[in-house]
Amino acid sequence: MTTDVNFELAENERNGLPVLAVRGEVDVSTAPELRERLLGLAEQGRTVAVVDLSEVSFVDSTALGVLVSGVKRLRTAGGDLRLVITQPHITKVFEITGLTEVFPIFASADEAVAG
Amino acid sequence: MTGATWPSPGRDIMKEADRVELSVPSKPDLLFLVRMTAAAVASRADFGYDQIEDLRLAIDELCLSLFGEEATDGRVQLLFKWGEDAIEVVATYQPGDDDHQPRQELGLAQLANELSERILDALVDEHGTDLAGGLARAWLRMRRRQGGHQ
């Protein structure tokens, strides 16, 4: 697990799927770490992954760009990137950018893992 | 982008405006200071929770439009003004010795720029960018929404 002032990223495994649990604010200064983790998963040959944003309080366009890059990479390999979003103001950011149509979004990590 | 210019129609709503000025180094890891200030100003202006969150994100995108994803030795000067019905923010980038150029001129990811534009279009009433005295400037205006006192 890594920790910044307002950012934490933990990786765990559930039912054979990697789950990246993110806490805090994902902005231009912290999104690169998420990008590195997603790249790392792809390089390990993982094709399906879950990013749990339920404890995230802020996302900006940089964070969205990282997630879009991640889903493109995983889909190219025949997989997918599933998101967990529970907070209305985070959902709103995905809605206004049209990204609710891009990602499979779940209400909990358990649901995301189950697909 | 709305295509509006600064100063733009609607300035009358800023009569009796209060104002706060903030100067921060153009470093991504200091953007949280700008967001905190935006939240404090919106709260002071008696905006509701949803609009406070909207302004935090909009300010973040506004600053990204100026200095992008890399730290530079420039600074961003922000002027927050608020009146009875609206908040206005003007952000001006002052380059340092590294002669940094605005984000759009760096050819950074087009996707992030497009997402940023969509976010600003959706969250604020007006926004725009221009050059003022040779300095890159970005601005926005957010009017109080009905039921904003929450």
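Everything that follows concerns the structure shown earlier in this document.
Right, let's walk through the structure included here. Computed from a prediction, not measured in an experiment: that's the story for all the values here.

## Some remarks on unusual backbone geometry
Its identity as a non-glycine residue notwithstanding, Asn15(A) has a phi of 50°, on the positive side. Along the chain, the position of Asn15(A) falls in the loop between β2 (7-14) and β3 (17-26). You will see that Asp46(B), though not glycine, has its phi angle at about 70°, which is positive. Here Asp46(B) lies in the loop between α1 (31-44) and α2 (49-67). Take Asp46(B): there are 13 C-beta atoms within 10 Å of it, and that puts it in the partly exposed class.

## Considerations on the packing of α1(B) against α2(B)
Residues and elements named next belong to chain B. At their nearest, the axes of α1 and α2 sit 9 Å apart, and the two run at 145° to each other. Considering how the two elements wind past one another, α1 and α2 form a crossing that is right-handed. Here α1 contributes Leu31, Val34, Arg35, Ala38, Ala39, Ala42 and Ser43 to the contact with α2, which in turn contributes Gln51, Ile52, Leu55, Arg56, Ile59, Asp60 and Cys63. Looking at the contact of α1 with α2 residue by residue, the class counts come to 9 nonpolar, 2 polar and 3 charged.

## As for the nonpolar core
A general trend in soluble globular proteins is that nonpolar side chains are found buried together. Judged by nonpolar contacts, the single largest core of 69 residues is most densely connected at Val26(A), Val51(A), Ala58(B), Cys63(B), Ile87(B) and Val89(B). Ranked by the residues each element gives to this core, the list is headed by α2(B), at 9 residues.

## Section: the interface of chain A and chain B
Taken together, the contact between chain A and chain B spans 16 residues of the former and 19 residues of the latter. For the side of chain A that touches chain B, the elements supplying multiple residues, two or more each, are α2 (61-76) and α3 (88-96) of chain A. Ranked by residues supplied to the side of chain A that touches chain B, first place goes to α2(A) with 5 residues. Looking at the side of chain A that touches chain B, its residues break down into 6 nonpolar, 7 polar and 3 charged.

## Side note on the sheet that holds strand β1 (residues 18-25) of chain B
Consider a sheet: its strands pair through backbone hydrogen bonds, and that pairing is either parallel or antiparallel. Residue and element names in this part refer to chain B. Overall, antiparallel pairing links the 5 strands, which are arranged β1-β2-β3-β5-β4 in an open sheet. With one partner strand each, in any of the chains shown, β1 and β4 (126-132) form the two edges of the open sheet. Taking each pair of neighbouring strands and ignoring which way they run, the sheet shows an average axis angle of 15°. Bridging between strand β3 (residues 86-94) and strand β5 (residues 135-143) involves 7 bridges; their strand directions are antiparallel. Bridge assignment links alanine 91 to a residue of β5, and that residue is alanine 138. Running at roughly 170° to β1, α1 makes contact with β1, β2 (75-82) and β3 of the sheet. Those strands touched by α2 are β2, β3, β4 and β5, and its axis lies near 165° from that of β5.

## Considerations on helix α1 (residues 31-43) of chain A
All names here are of chain A. Its 13 residues place the ends of α1 18 Å apart at the C-alpha level, agreeing with the 18 Å of an ideal helix rising 1.5 Å per residue. Restricting attention to buried positions, one finds in α1 the residues Ala31, Leu34, Arg37, Leu38 and Leu41. Down the axis, α1 shows its buried residues gathered within 120° of arc, on one side only. Lining the buried residues of α1 we find β2, β3, β4 (48-59) and α2.

Criteria and thresholds
Counting starts from 1 at the beginning of each chain's written sequence and moves along it residue by residue. Chains carry letters and ligands carry numbers; both start at the beginning, A for chains and 1 for ligands, and go up in the order they are written. pLDDT decides what is reported in this predicted model: residues at 70 or higher carry local features, side-chain atom pairs at 80 or more are listed and counted, and totals for whole chains, interfaces and linings draw on all residues regardless. By the criteria applied, helices consist of DSSP H or I runs no shorter than four residues and strands consist of E runs no shorter than two, each listed in order from the N terminus. Exposed residues have 12 or fewer other C-beta atoms within 10 Å of their own C-beta, buried residues have 20 or more, and residues in between are partly exposed; the C-beta atoms are placed from the backbone. Every angle, taken between N-to-C directions, lies between 0 and 180 degrees, and every axis is a line fitted to C-alpha atoms, over only the stretch in contact when it is a helix. Less than a right angle of anticlockwise turn of the near helix away from the far helix marks a crossing as left-handed, whereas a clockwise turn marks it as right-handed. By the convention adopted here, residues are in contact when the distance between their C-beta atoms, placed from the backbone, does not exceed 7 Å. Polar here means any residue other than Ala, Val, Leu, Ile, Met, Phe, Trp, Tyr, Cys and Pro, which are nonpolar, and Asp, Glu, Lys and Arg, which are charged; Gly is therefore polar. Working definition: the nonpolar core is a set of buried Ala, Val, Leu, Ile, Met, Phe, Trp, Tyr and Cys residues, joined through C-beta atoms within 7 Å. Two strands pair under a simple rule: DSSP has to find at least two bridges between them. The span expected for a helix works out to 1.5 Å for each residue beyond the first. Think of it as the arc spanned by the lines of direction from the helix axis to the C-beta atoms.

Bear in mind that shape data such as this cannot, by itself, settle questions of function.
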